[in-house]
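Fold and contact review
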Amino acid sequence: MRFSGWRVLREGLTGNKGWAPHWRDPEPKAEYDAIIIGGGGHGLSTAYYLAKNHGMTNIAVLEKGYLGGGNVGRNTTIVRANYGMPGNSEFYSHSLKLWEGMEQDLNYNVMHSQRGIINLFHSDGQRDAFARRGNTMIGQGDDAELLDRAAVKRMLPYLDFDNARFPVYGGLLHRRGGTARHDAVAWGYARGADQRGVDLIQQCEVTGIDIENGKVRGVQTTRGPIRAKKVGIVVAGRSGQVAAMAGMRLPIESHVLQAFVTEGLKPVIDHVVSFGMGHFYISQSDKGGLVFGGDLDFYASYASRGNMPMMEHVMEAGMTLMPMIGKAKVLRSWGGIMDMTPDGSPIIDKTDTEGLFIDCGWCYGGFKAVPGSGFSFAHLMATGDHHGPAAKFRLDRFRTGYGLMDEEATGAQHNLH
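These numbers come from a predicted model, not from an experiment.

Under the defined criterion, the tally for this structure stands at 16 aromatic pairs. Between the aromatic rings of tryptophan 99 and phenylalanine 367, the centroid separation amounts to 5.3 Å while the plane-to-plane angle is 55°, which identifies the pairing as tilted. Linking tryptophan 99 in helix 3 (residues 88–106) with phenylalanine 367 in the loop between strand 20 (356–360) and helix 9 (370–383), this pair joins segments that are 268 residues apart in sequence. Looking at tryptophan 99, the relative accessible area reads 1%, which means it is buried. Taking relative accessible area as the criterion, phenylalanine 367 reaches 8% and is therefore assigned buried. Positioned above the aromatic ring of phenylalanine 161 is the side chain of lysine 153, whose terminal nitrogen or guanidinium carbon lies 5.4 Å from the ring centre.

Here's what the structure looks like:
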């Protein structure tokens, strides 16, 4: 079943009776060539690119709940490639290119909107830092424009430019950045993987990983044992728990990150806007709600809900930047479990167990990395070689200290990234 404007028109005129399910609901087989643990954005994109790019179709994606029920459906939907560190810069540049062709590739509307991202700066030092970042982005082949105060005021007239504590000096504009519909990204990759023969198995929790003589042999699940010679762990905030089943202790802490959305409003915010002094970011959804977030809750937790003090902190930052939003009513809030590394950069690597692979540590960058992560992790699982844009995401950098990528220069404290 392919989507098209004509198909939508025909179904609308015939009672929508011709739509088929997006994917099958198969029973797990006794053995697969590869198993992906985790049915979120990264796991589903990995399965899709394994099938599409490497011809591996005897694959199972195991999800303990329902597809897309984790962080891929709990984020603020931002897509960008404005990183400055070698290793991160080329990876997110590659991922953004995949975003730009995703809807045609998947034949699925993920509502990718390149509305532009503006990172505000509020001091001379921040201006210099963003100028360096912008030059790095341009050198990588991406776009960046340094805006002065007047240019920002023309684009974002609703900001409080003369705040005595945090006056707006200007901003860094990344025009190709924007947003996408998070659920649709998961659904699109799930549909694409299923069409290529991948089994998407929901309500199937992995309870153990079978290892013999240093080689992975399969997994134990709530729906019985499943054999496989390759297993990929792609479970975001649960990475430490699942890796422990294989006897591994990852350099990961799991922290809650809250997000919020207001009631639907008329169009007022045309871009994604990031506050340089309060770690506050906001955009407006297609339904009119203002979607925004801020800092982590700063304590380790597996609970997908946050605390009231951080809610207050995020609201304070929003009111400082744009007092107008104080009139909007918050509709709901939610939390995602962030897998935080000591340097704030991810891991895509083999493990010491033959056939066992790990993809984790995405911190704040998980959603924007969905296509790039799946593409690179699939390459690693299929070939055994690291994909170029993700070649520096090695696990052993935390053991050796070589190749660390501290994007925010905040040191080795997980919750500061």
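Counting residues in hydrophobic clusters, the biggest one holds 48 residues, and the most contacted among them are Leu44, Trp99, Val185, Tyr189, Val198 and Phe367. Where this core is concerned, the elements lending two or more residues are strand 2 (34–37), helix 2 (41–54), strand 3 (59–62), helix 3, helix 6 (182–195) and helix 9. Here the element with the most residues in this core is helix 3; it accounts for seven residues. If we skip the residues at most four places from it in the chain, valine 185 touches Trp99, Met102, Val110, Ala180, Phe367 and Val370.

Remark: helix 3 packs on helix 6, axes separated minimally by 10 Å, with the N-to-C direction vectors making an angle of 50°. As the angle between them shows, helix 3 and helix 6 are arranged oblique. For the pair helix 3 and helix 6, the crossing hand works out as left-handed. Residues Trp99, Met102 and Leu106 of helix 3 touch helix 6, and the partners they reach there are Val185, Gly188, Tyr189 and Arg191. Counted by class, the contact of helix 3 with helix 6 contains five nonpolar, one polar and one charged residues.

At asparagine 16, a position not held by glycine, the phi torsion is positive, near 55°. Note that asparagine 16 resides in the loop between helix 1 (5–13) and strand 1 (31–32). Take asparagine 16: its relative accessible area is 45%, and that puts it in the partly exposed class. Within the chain, threonine 77 stands out as a residue other than glycine whose phi angle is a positive 65°. According to the relative accessible area criterion, threonine 77 is buried, its value standing at 14%.

This part takes up the layout of surface pockets. The computed volume of the second largest pocket comes to approximately 530 Å³. Mapped by element, the contributors of at least two residues to the lining of the second largest pocket are helix 6, strand 14 (253–262), strand 16 (280–284) and strand 18 (330–340). When residues of the lining of the second largest pocket are assigned to their parent elements, the largest contribution, three residues, is made by strand 18. Tallied by class, the residues present in the lining of the second largest pocket amount to six nonpolar, twelve polar and seven charged. Residues lining the lining of the second largest pocket come from more than one domain, with at least three contributed by each of domain 1 (5–77 + 182–252 + 344–400) and domain 2 (114–178 + 253–340).

In this section: the domain arrangement of the protein. Looking at the assigned domains, one finds that the protein contains domain 1 (5–77 + 182–252 + 344–400) and domain 2 (114–178 + 253–340). For domain 1 and domain 2, the distance between their C-alpha centres works out to 30 Å. Counting residues at the interface gives 17 residues for domain 1, matched by 23 residues for domain 2. The junction of domain 1 with domain 2 conceals about 1,600 Å² of combined surface from both sides, 54% of it contributed by carbon and sulfur atoms. Viewed at the interface, domain 2 and domain 1 are joined by zero salt bridges. For the interface between domain 1 and domain 2, the tally reads nine residue pairs in polar contact (both at pLDDT 80 or more). Split into classes, the residues belonging to the side of domain 1 that touches domain 2 amount to seven nonpolar, eight polar and two charged.

Cut-offs used in this document
Residues numbered from 1 in each chain as written. Predicted model: local features only at pLDDT ≥ 70, side-chain atom pairs only at ≥ 80, totals over all residues. Heavy atoms only, no water. Phe/Tyr/Trp six-rings, centres within 6.5 Å; stacked < 30°, edge-to-face > 60°. Helix = DSSP H or I, 4+ residues; strand = E, 2+ residues; numbered from the N terminus. Buried < 20%, exposed > 50% of the residue type's maximum accessible area, 1.4 Å probe, protein only. Lys NZ or Arg CZ within 6 Å of the ring centre and 35° of its normal. Core = buried A, V, L, I, M, F, W, Y, C linked by side-chain atoms within 4.5 Å. Contact = heavy atoms within 4.5 Å. Axes fitted to C-alpha atoms, helices over the stretch in contact; angles between N-to-C directions. Parallel < 35°, antiparallel > 145°, perpendicular 65-115°, else oblique. Left-handed = near helix turned anticlockwise from the far one by under 90°. Nonpolar A, V, L, I, M, F, W, Y, C, P; charged D, E, K, R; others polar. 1 Å grid on protein atoms, 1.4 Å probe; cavity = no way out; pocket = protein on both sides within 12 Å on 5 of 7 lines; lining within 4 Å. Points joined across faces, edges and corners; volume = space filled by probe spheres on them. Domains from an automatic or database assignment. Buried area = accessible area lost by both parts, 1.4 Å probe. Salt bridge = Lys/Arg side-chain N within 4 Å of Asp/Glu carboxyl O. Polar contact = N/O pair within 3.5 Å; in protein donor to acceptor, adjacent residues only side chain to side chain.

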